[in-house]
Amino acid sequence: MTKKSSDKKQLVRISKTGEISKTAAPEELLRDLHGLIEKSRRDVARAVNMGMVFLYWQVGQRIHKDILKEKRAGYGEEIVQTVSAQLSAEYGRGFGKRNLFNMIRFAEVFPSPEIVQTLSGQMSWSHFVEIIHFEDDLKRDFYAEMCRVERWSVRTLRQKISGMLFERTALSKKPAKLARQELAALREEDRLTPDLVFRDPYFLDFLGLADTYSEKDLESAILRELESFILELGIGFSFVARQKRITVDNQDYYLDLLFYHRRLRRLVAVDLKLGKFQAAAKGQMELYLRWLEKYEQQPGEESPLGLILCADKSDEHVELLQLDKSGIRVAAYLTELPPRNLLRKKLRDTAVIARARLEKESGSK
């Protein structure tokens, strides 16, 4: 029998003669026991989730196989209706008609049981339901792998989809073959690349800036809303410094913001610009990166990367300067979001142009 005292937990012992003695419970022992219990609970929950997800995949695959065998029009609807009524009566609403159709779709778009088992280690059935109806398989695989790697909750996944994260990554602008290779590397080697991390444009509407503002106003607003800014940058970024002083030949320069990305193992220098991207910004950022490489980069880290955030990207300048070869990314930022349909169209058009350019470059080599 145990009870709490005002300052610490106590063990109550009753001897054979009926005498009661109290001994303070060792805090280290309790801490270890709490840890064992919580770990066991997590392991059990994870095992139950994996088992349920894989069962749903097997159910979907089995029904799908039966539907393919029977080529009669309307058979799928009939068999799902019949099976749903029977299973729901025996096992509950988890096997309702709508969920059975989700299971069939699940088996169709994730045909590999090995991939399903790997993903289900981090993704629940609710995660899968959010992405299985995407027609773009690259988009679907991107969100699945990012859920696995970054351990997104269902709510976070919905926010990322709503914020058009995939459409804003460099991956979405690559030819399908190259994009699949990059996703395969992430799946098989857990290798995260800058094209999966950086995005364009960045949504900074949470800063609440007025119609006119200075670079200092922009920087101050970012620091004021640093948590939201890092969430927009993506998981893995850690804030290092603002107005980082860089001294070259007794001349001082100041880098707006400095971050570190854990999975990339790189420092990331961020330079803020109010207007259109200008060619001169490349030389300035290259100076910052080489200085960071010389004085700040630690053993085992990759070379620093630069991110120039501008009000307007100026695509032809970026293309001609071949900034990727210098480890520099240029992205626009939006302090006010346009209508979603307009933004989606703009992102789609940008992706088409970028893919065509990359395919042309690869064809000329």
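### A short note on the pairing of strand S8 (residues 305-310)
Consideration 1: Burial analysis of S8 places six of its six residues in the buried class, which makes it a mostly covered element.
Consideration 2: Burial of the side chains of S8 extends over both faces: Leu305, Leu307 and Leu309 are buried on one face and Gly306, Ile308 and Cys310 on the other.
Consideration 3: Inspection of the sheet shows strand S7 (residues 266-272) paired to S8 by five bridges, in the parallel sense. Within S8, the position partnered with valine 268 by the bridge is leucine 305.
Consideration 4: In this view, the connection linking S7 to its parallel neighbour S8 by way of helix H13 (residues 280-295) has right-handed handedness.

### A word on the packing of aromatic side chains
Consideration 1: Taken as a whole, this structure holds 17 aromatic pairs when the rule is applied.
Consideration 2: Taking the centre distance of 5.7 Å and the plane angle of 70° together, the rings of phenylalanine 239 and phenylalanine 259 count as edge-to-face. Separated by 20 residues along the polypeptide, phenylalanine 239 in strand S5 (residues 237-248) and phenylalanine 259 in strand S6 (residues 251-261) bring together distant segments of the chain.
Consideration 3: Site record: aromatic cluster; members linked through ring pairs are Tyr56, Tyr91, Phe95, Phe106, Phe110, Trp125 and Phe128.
Consideration 4: The ring of phenylalanine 134 carries the charged tip of lysine 139 above its face, separated from the ring centre by 4.6 Å.
Consideration 5: Over the aromatic face of phenylalanine 203 sits the side chain of arginine 168, whose NZ or CZ is 4.0 Å from the ring centroid.

### A closer look at a negative patch on the surface
Consideration 1: Together, Asp312, Asp315, Glu316 and Glu319 line one region of the surface with negative charge.
Consideration 2: Its location among the elements puts glutamate 319 in helix H14 (residues 315-321).
Consideration 3: Exposure remark for glutamate 319: the relative accessible area of 40% places this residue in the partly exposed category.

### Considering the pattern of salt bridges
Consideration 1: What the rule picks out here adds up to 22 salt bridges.
Consideration 2: Among the salt bridges present, the one from lysine 97 reaches glutamate 77, with a minimum N-O distance of 2.4 Å. Of the two residues, lysine 97 sits in helix H3 (residues 97-109) while glutamate 77 sits in helix H2 (residues 75-91), which places them 20 residues apart along the sequence.
Consideration 3: The exposure class of lysine 97 is partly exposed, given its relative accessible area of 31%.
Consideration 4: In this structure, the salt-bridge partner of glutamate 130 is arginine 158, at a minimum N-O distance of 2.8 Å. Of the two residues, glutamate 130 is situated in helix H5 (residues 125-131) and arginine 158 in helix H7 (residues 154-162); the sequence distance between them amounts to 28 residues.

Thresholds applied
- Residues numbered from 1 in each chain as written.
- Predicted model: local features only at pLDDT ≥ 70, side-chain atom pairs only at ≥ 80, totals over all residues.
- Heavy atoms only, no water.
- Buried < 20%, exposed > 50% of the residue type's maximum accessible area, 1.4 Å probe, protein only.
- Helix = DSSP H or I, 4+ residues; strand = E, 2+ residues; numbered from the N terminus.
- Pairing = 2+ DSSP bridges.
- Right-handed = clockwise from strand over helix to strand, strands pointing away.
- Phe/Tyr/Trp six-rings, centres within 6.5 Å; stacked < 30°, edge-to-face > 60°.
- Lys NZ or Arg CZ within 6 Å of the ring centre and 35° of its normal.
- Patch = residues over 30% accessible without salt bridge, like charges linked within 9 Å, V, L, I, M, F, W, Y side chains within 5 Å.
- Areas by Shrake-Rupley, 256 points an atom, 1.4 Å probe, with all protein chains shown as cover.
- Salt bridge = Lys/Arg side-chain N within 4 Å of Asp/Glu carboxyl O.
- Lys, Arg positive; Asp, Glu negative; His and termini not counted.
- Charge placed at Lys NZ, Arg CZ, Asp CG, Glu CD.

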